[in-house]
Every structure is written in C-alpha cells, then in structure tokens.
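Working through the structure, step by step
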There are 2 protein chains.
Amino acid sequence: MTAGTKRKIVVSTIAEAEFYADGGFDDIIFASPMVKERISKRVISLATRLEAFHVMVDSVVGMQGVIDTPLDGDKKWNVFMEVDCGYGRTGCVWDSDDALMICRKAAAAEHVRFQGLYNHCGNTYVPDKDQKSQIQLTTVDRLVELKKRLEADGIPVPRFGCGSTPSCSRPINNMGVLTEFHPGNYIFYDYMQVLVGSCSMDDIAMKIVTTVISHKPEVGTLVVDCGWNCISQDGCERPKDTLPLGYTPIVDHPELRMRAMTQEIGKIEGNGEAIDYSKFPLGTRLYLYPHHSCATAGLQPKYYVHSGDKILDIWIPNRGW
Amino acid sequence: MTAGTKRKIVVSTIAEAEFYADGGFDDIIFASPMVKERISKRVISLATRLEAFHVMVDSVVGMQGVIDTPLDGDKKWNVFMEVDCGYGRTGCVWDSDDALMICRKAAAAEHVRFQGLYNHCGNTYVPDKDQKSQIQLTTVDRLVELKKRLEADGIPVPRFGCGSTPSCSRPINNMGVLTEFHPGNYIFYDYMQVLVGSCSMDDIAMKIVTTVISHKPEVGTLVVDCGWNCISQDGCERPKDTLPLGYTPIVDHPELRMRAMTQEIGKIEGNGEAIDYSKFPLGTRLYLYPHHSCATAGLQPKYYVHSGDKILDIWIPNRGW
C-alpha cells in the first residue's frame, strides 16, 4: 500500500500513530486538529521519539497551544495546517485571515517546523463524475492559491496534500501538483465506494461470512447471524432506491437484500421477488460486502487474510484512541 | 445485576458464553437459533463442560440438527424453543404446528433435556405505554397458551421466559407467571430507552468523554473528537423531531445537539439557537450519552468504572463471536 516505504502515512487516532510507530513507521500525520488540551504524554512521546510526527492545526488558538508546549531539547514540533477548501468539517477556511495568521505563527515559532498544508476533501463522496471533478479542481485550486499567498508572505510551503478515497481513486490532472495524497478506505474499498464510482464490486477486498439460522416465510425473511455489531449500521438509513443491492450486498446473490439488522441478527428479504427458501437451507453460508469497510473493519477482533479457501494469515487490528 | 448468583444468564454470542463460563457462570442460554452447521467444537465444549449450557432452536430442522449431534457420554443437550409471539425476528410462531413438532422432538430425544420456551419481545420498543402493555399482555398470553398446549400433549415445560429491556423495566402483573426474564440493555440504559419510557436520563450509566477540537462558525458547528467509531451511528437516521436532544444527548447541554458524525469526528450544532462559542473554548470537555449503549459499548476497548472523578476500575469488555 505504500510501495514498500514506511513513511508518509496519515492516521486518525493516537493509538494508530503508536501502532505504526511501533512497527517502524515514521513521517506520520495525525490528521485531526490539535489543541493544547490534546497534547498528552503520548503525543509528546510520539513527537519526541519519531523523526517526523506531524500534528495538524486549524485554528490560531490551536497553533498557539502547540507553541506554548515546547518539546524537550532541540526537538521541534512538525506542524501542518488543515485547510477547509469547501467541505466544511474541520480545517481553517482557505481564504480566511486566520489561515495566514496560523501559518505566520507556525513559521515564526522557534520550536516549530512548518510543514505545509493538508486538506480532507470529504465532499468528493458524490456519484456524479462531473460534480466530483469540479470539487477536485476547486480543492486543488484553493490549496494552490493559499500556497501562493503564503509564499508571497515569505512562508515556504514544502508540502501540500489532500486525502479522500473517491478523489484519489479517480484523480484529475491538476492533482499532479500536490506533493502527496492519502486515501484510506481504498485499502479495502466497499459498496459505498462502488456507489460513488471509486471502484467495482470485484475490487472490494473484505467480506463477512455469515450463516442462515432461521427461515421466517411468514414475514418474508431469512435470518443470518450477522447484525450491526459485526458489519455496522452505516448505510442502512439510506433510501432503498439509492442502494440497488441493499446497504450490504450479498455476494453472488443480487436476488437478496438486507432488510434490517439488530445486534447479532440480519434480516434478509427478496430483492424484488420473494425468497426461494429451498435455495438457502438453514446452515447455508452467505458472504456480505460491507457498506462502509472502515466501520466494519473497526468492529472485527481479527481479519482472516485469505487466498481463495486458504487462510494465509490472521491480522489483529489496532483499535481504541 | 444477578443479585449475586452466577446462574441464569443469557448471551448472544459464543464468545460471551465462553467469557462467562471462564468466569464461573453456569446455566447460560445462547439466545440465537441453533442449526447443525453452528455446532462447532466451541459449542460442544461449552455443552460438555458446563452443567447447563442451553441452546435455543426455532425450527424442526434445527432441532433435528441438535439431535443428530449427540454429546459424548451421558451428557445431554439442554434445549429451549424460541417462540415468536408477534415480533417476527426469529422464533417459531407460537400457534404453529411446527411449535408442537419441535417440542415433541425435543421431549422424545434421548440425548436432549427440553427446558422450555423462550421469547424476545423486541416489539416492546415503543414509547406508548398502553401499546407496550398490550404487547406484553399478548406475549405472555401466547407463551402461556403454548405452554398449556404442550402440557396437554404430555410435554412438561419447566421454564418459560422472555427478555427485552422495555418490557422488563416496566413489567406488567401477568409477567409474574414467567419463570424468568432477562433484560440486557438495562445494565447501562441509554437515550433510546429514555425515549421508550424504560428509564430517566439520570439512569443512564454510560458516558463518552470528548474534546472540542475545532470551531466552525461558518457552518454553525463545533467539532469534537468523537465520531461513529466511538459511539456508533445508531439513532442518527431518526427524524430530528423524534429526538429532542439529538441522537446522542450532550450531558448538561440541552442547547447543543449532534448534527452528524464521521469516523472520529462529531459535528455539534445549536439546538434551536446558534452556538455561543465563547462558552465552549477549544479543549472543552463534553460528555455524551449513548443513543444505544449496546452499540457504543461494543466499540470500546475499555470501560473506566468511576465514582465522580475517581476511577475505581478498568474493565476490558468481551468482543467478537
């Protein structure tokens, strides 16, 4: 996934940063706004022991908090500014006065090494190609414009990148100016990414195996032992007509769809026609594609890494915060 | 929670059964329909080493599968029949021919000890008291009627019980005829249970602590470091007007509500009025009540057991299947 390097990754929790750092990774961006109250012993330890543990700030107050918490010795904080190019979740608005003020503070602070700009373009989760291209174009244009503004102000911007699986899976030419990008979900992909055009069903590298445990013809369902505690509820709130195969497609069975789930139970119904129960006797194994593999992956105590029917390895995922 | 006994509990996964068995519990119902293909070495081990590991069946085929897989020596399978009294998720329909046939098979099989009837009345998750009472009444009536039918057929029914937190939290008189009931969610309770009248806000015994990490006045949110990977999406699909405090209420701040979440990010908006950001500086700690504590609990690597500000213990929850 990193073409052999153990550098230039992005994480969303401190637990993930520690996991990768323990595995020999370095040059890790913790991609969540840093504020003084989050600078724990664990954060300081990562910043101290790694050559390049990067924090991200999106506010003047957050930047000041980092400056006010110097590391020991001559170690410096590596700081990216998170830029909001229109998604509106986190990040300092690209053309705001604060954007300039934050970067000036970072560039001027003795114990800070200003790394550049970072953006999460979560607004590229749209099925329409033209709309997506337009968002990609706008995102890069705004990053470039801010970069120029900073350089005109005497602030070098060595790195500027973005991340989102829909954008990075279908990059447009002008993304070539970025120094890096980091898709996360593409490691597994999922049905949601199929729906927004990032991949095909065959690209989905995660399946949940489940067993038919009950027939309920009186309510039109067959019941499996996979509920939201295994595959998550993500997607189940979406209107049915937007999800032709239900929110978690059943591998090789487009004639079935998940109607609803409870904690450890999934209720499958016919997708248009009634279920032919004789084809799914009790005990039948079915495989489900995740709607959102990030959510599904987070619920698993282990992953079975397989090639066909052969299990090659068992991975224990990192979790917590 | 069990008044000191380590008996008469219900679990929904084999991993939970093993966890409790290892902790000295016995008389454990695995409350999910058993089929032959689910009778793994782990299930056989539980059935062998415990005095009373109970499996549940809801089909003739499932019952036959248990009969066809005798345990070693003179050990018998303990079998409950799951009864569907109208909820429609799993269970054999209370007045069906199959219900009688399953119990006859169980009672006649040499290596089976028929334990009785079990029901999950998940249809009691309704806010209207009268409607709930009516469902409770119907549930018990149907269980009693089936019990009588079985006894008239010469089949003793030593135990018959049900489980669901709304029902068991607000029991009605006729539930006194049951030999047992098992609410699960009531251990923590949550906002969903408040909404269906099981408890008050003060009864909720779980909170998630989170930190304000970004102010986004341009889109009317303040951002916290708690997303659906921590508290789950459960409830976020419900129409706003049914959830006066949002899907995960913010403790002591009814003027705020969660607008939406991504993996590790929560976007909080004003509940009716705009946010007064000066009251929530970056770094402010907020506490969230879970919408559905079962889902939230399943996502935690540990629970901090506290009394006020003092942490008394750390619990590592069981997970997996």
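The notes below deal with the structure included here. Model, not experiment: these values are computed from the prediction.

Thresholds applied
- Residues numbered from 1 in each chain as written.
- Chains lettered and ligands numbered in written order.
- Predicted model: local features only at pLDDT ≥ 70, side-chain atom pairs only at ≥ 80, totals over all residues.
- Heavy atoms only, no water.
- Buried < 20%, exposed > 50% of the residue type's maximum accessible area, 1.4 Å probe, protein only.
- Helix = DSSP H or I, 4+ residues; strand = E, 2+ residues; numbered from the N terminus.
- Pairing = 2+ DSSP bridges.
- Right-handed = clockwise from strand over helix to strand, strands pointing away.
- Axes fitted to C-alpha atoms, helices over the stretch in contact; angles between N-to-C directions.
- Parallel < 35°, antiparallel > 145°, perpendicular 65-115°, else oblique.
- Contact = heavy atoms within 4.5 Å.
- Nonpolar A, V, L, I, M, F, W, Y, C, P; charged D, E, K, R; others polar.

All names here are of chain A. By the criterion of burial, strand 4 (residues 77-84) is predominantly enclosed, with 8 of the 8 residues buried. Burial along strand 4 is two-sided: the residues Trp77, Val79, Met81 and Val83 and Asn78, Phe80, Glu82 and Asp84 are all buried. Across 4 bridges, strand 3 (residues 53-57) lies against strand 4 in parallel orientation. Within the sheet, the bridge partner assigned to histidine 54 lies in strand 4 and is asparagine 78. As for the winding sense of the linkage, the β-α-β connection from strand 3 through helix 3 (residues 60-67) to strand 4 is right-handed. Direction of pairing for strand 4 relative to strand 6 (residues 112-120): parallel, over a ladder of 6 bridges. Bridging across to strand 6, glutamate 82 finds its partner in tyrosine 118. Looking at chain direction, strand 4 and strand 5 (residues 92-93) are connected through 2 bridges and run parallel. From the neighbouring strand, valine 83 faces strand 5, where its bridge partner is cysteine 92.

With that out of the way, let us pick up the packing of helix 3 (residues 60-67) of chain B against helix 4 (residues 97-108) of chain B. All names here are of chain B. Two numbers describe how helix 3 lies on helix 4: the axes approach to 9 Å, and their chain directions differ by 10°. Considering the angle they form, helix 3 stands roughly parallel to helix 4. Facing Val60, Met63, Gln64 and Ile67 of helix 3, the residues of helix 4 in contact are Asp98, Met101, Ile102, Lys105 and Ala106. Within the contact of helix 3 with helix 4, the residues separate by chemical class into 6 nonpolar, 1 polar and 2 charged.

Residue and element names in this part refer to chain B. Ordered by their spatial adjacency, 5 strands build an open sheet running 11-12-10-9-13, and the pairing between neighbours is antiparallel. Since the sheet does not close on itself, it has two edges, and those belong to strand 11 (256-261) and strand 13 (285-288), each with one partner. Taking each pair of neighbouring strands and ignoring which way they run, the sheet shows an average axis angle of 40°. Pairing analysis gives 4 bridges linking strand 10 (residues 221-224) to strand 12 (residues 266-270), with the strands arranged antiparallel. By the bridge assignment for strand 12, leucine 222 is matched with isoleucine 268.

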